[in-house]
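Survey of secondary and tertiary structure
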Amino acid sequence: MKGYKIGGLIIGFLVLFLVSCTEKSKKEAKLLRTISEIREEYAPDKRTALFDVHVFTDTEKYILKGESNLPEAIGKLRATLKAENITYTDAIEILPSKELGKKTWAVVNISVANLRSKPKHSAELATQATLGTPVKVFKKDDDWYYIQTPDKYLSWVDAGGIVLMDKSQAENWKNKDKLIYTETAGYSYQDTEEGQRVSDLVAGDILEMIGETEEFFEVKYPDGRKAFVSKEESEPYESWLEKLDPSQESLVATSKTLMGVPYLWGGTSTKGMDCSGFTKTIFFLNGMIIPRDASQQVHTGKAVDSVKNFDNLQKGDLLFFGKKATDSSPEKVVHVGMWIGNNEFIHASEMVRISSMDKNADNYDEFNHDRYLRSKRILKENDDALISLVKDPVFKD
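For the structure given in this document, a descriptive report is provided here.

What about unusual backbone geometry?
Cis geometry marks the peptide bond from L95 to P96; its omega dihedral reads 10°. With respect to the element layout, P96 can be found in the loop between β3 (88-94) and β4 (105-108). Its identity is not glycine, yet K152 carries a phi of approximately 75°, on the positive side.

Listed below in structure tokens is the structure:
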């Protein structure tokens, strides 16, 4: 009799234990599914949005740890879990980090800032940002800052590349008169004699303009350095904007000023550029900020061809190359160039150069012809991913 009761207790305990484990597994699956669904909705591309939330458990409760720069996504996660009656310990940090205080803005302070995938100089070069680019700052790791550029790209920059600002200082900087450097490359100087250089400059650099002489503009860097820039190599930002009228011909003309610039993985400046950095630079110098990578650029604008009918293309259209989708793998975009007419496209491959789709041409590019995917038109197209500097005050309010 005694043994039977013990056996019953053991069986009852096992049933309760199994039921409890099953319920816990269901709840945990629901929790993980909710996190995954919200990540997919708000941060499908980790290059432009951070939603790094993970689930941990102890013997009694779930613990949610991580960080995000998307308050609305975290808000929805919390509301959904509450509605589903899932209790947990909340250890999620919404960026910017409190460690930054009010310094959650910055402006690039050197001709070209190298932005890395991780907070160290040996990490992959993710992208670049030119002088005067305003960025959001989300967190700090030693002398590195996690930032977001106007095209929403997330990456790390070392402290020497930026000047930190609070919101008031950032707004004050944007209100100042500006200058844009328009030559491919050059320098600013301590005086109008072009003696001691202050720094190098590249096309698209933006500086505060504080005065002028007959031949020079006097400028100020975000960190307060003052210098002189030749008027032949630069222009007041406002007048540059007013004259902007991006066209097929202006895109082609800009692209050809970059002939021979060396290929640099992660580069988006005239010091070196990769394929999408090249197309991004062409459009930036014509008053447009387009997405950073080829796999992002392909989702913008209007489709014009996908069957190698190059007669449908206009100058300035972007051509995308890579691997077509199969039953077992998705399409993969790995290269981009720009159509310049006469069956030719210009692209950064080893260096900026011109290739042809004409099989009889000396510069026929069989490799890219064979892996061609499609072409898109983004000039004067309405798209949330395309920023017009005329309409959006990125550099100047």
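Section: the pattern of salt bridges
Under the counting rule described, the total for this entry stands at 19 salt bridges. E41 is the salt-bridge partner of K76, the closest N and O atoms lying 2.8 Å from each other. Here K76, found in helix α2 (residues 71-83), pairs with E41, found in helix α1 (residues 2-42); they are 35 residues apart in sequence, far enough to count as distant. The class of K76 is partly exposed, set by a relative accessible area of 32%. For E41, a relative accessible area of 47% gives the class partly exposed.

A few points about the sheet that holds strand β23 (residues 332-341)
Strand order across the open sheet formed by six strands is β21-β26-β22-β23-β24-β25, with antiparallel pairing between neighbours. Two strands close off the open sheet at either side, each with one partner strand: β21 (302-305) and β25 (351-356). For this sheet the average axis-to-axis angle between neighbouring strands, irrespective of direction, equals 35°. Alignment of strand β22 (residues 318-323) against β23, held across six bridges, turns out to be antiparallel. Along β23, the bridge assignment pairs L318 with M338. Sitting on the sheet, helix α5 (residues 248-256) is in contact with β23, β24 (344-349) and β25, with an inclination near 110° to β23.

Rules and cut-offs
Residues numbered from 1 in each chain as written. Predicted model: local features only at pLDDT ≥ 70, side-chain atom pairs only at ≥ 80, totals over all residues. Heavy atoms only, no water. Helix = DSSP H or I, 4+ residues; strand = E, 2+ residues; numbered from the N terminus. Salt bridge = Lys/Arg side-chain N within 4 Å of Asp/Glu carboxyl O. Buried < 20%, exposed > 50% of the residue type's maximum accessible area, 1.4 Å probe, protein only. Pairing = 2+ DSSP bridges. Axes fitted to C-alpha atoms, helices over the stretch in contact; angles between N-to-C directions. Contact = heavy atoms within 4.5 Å.

These results come straight from atomic positions and should not be treated as a statement about function.
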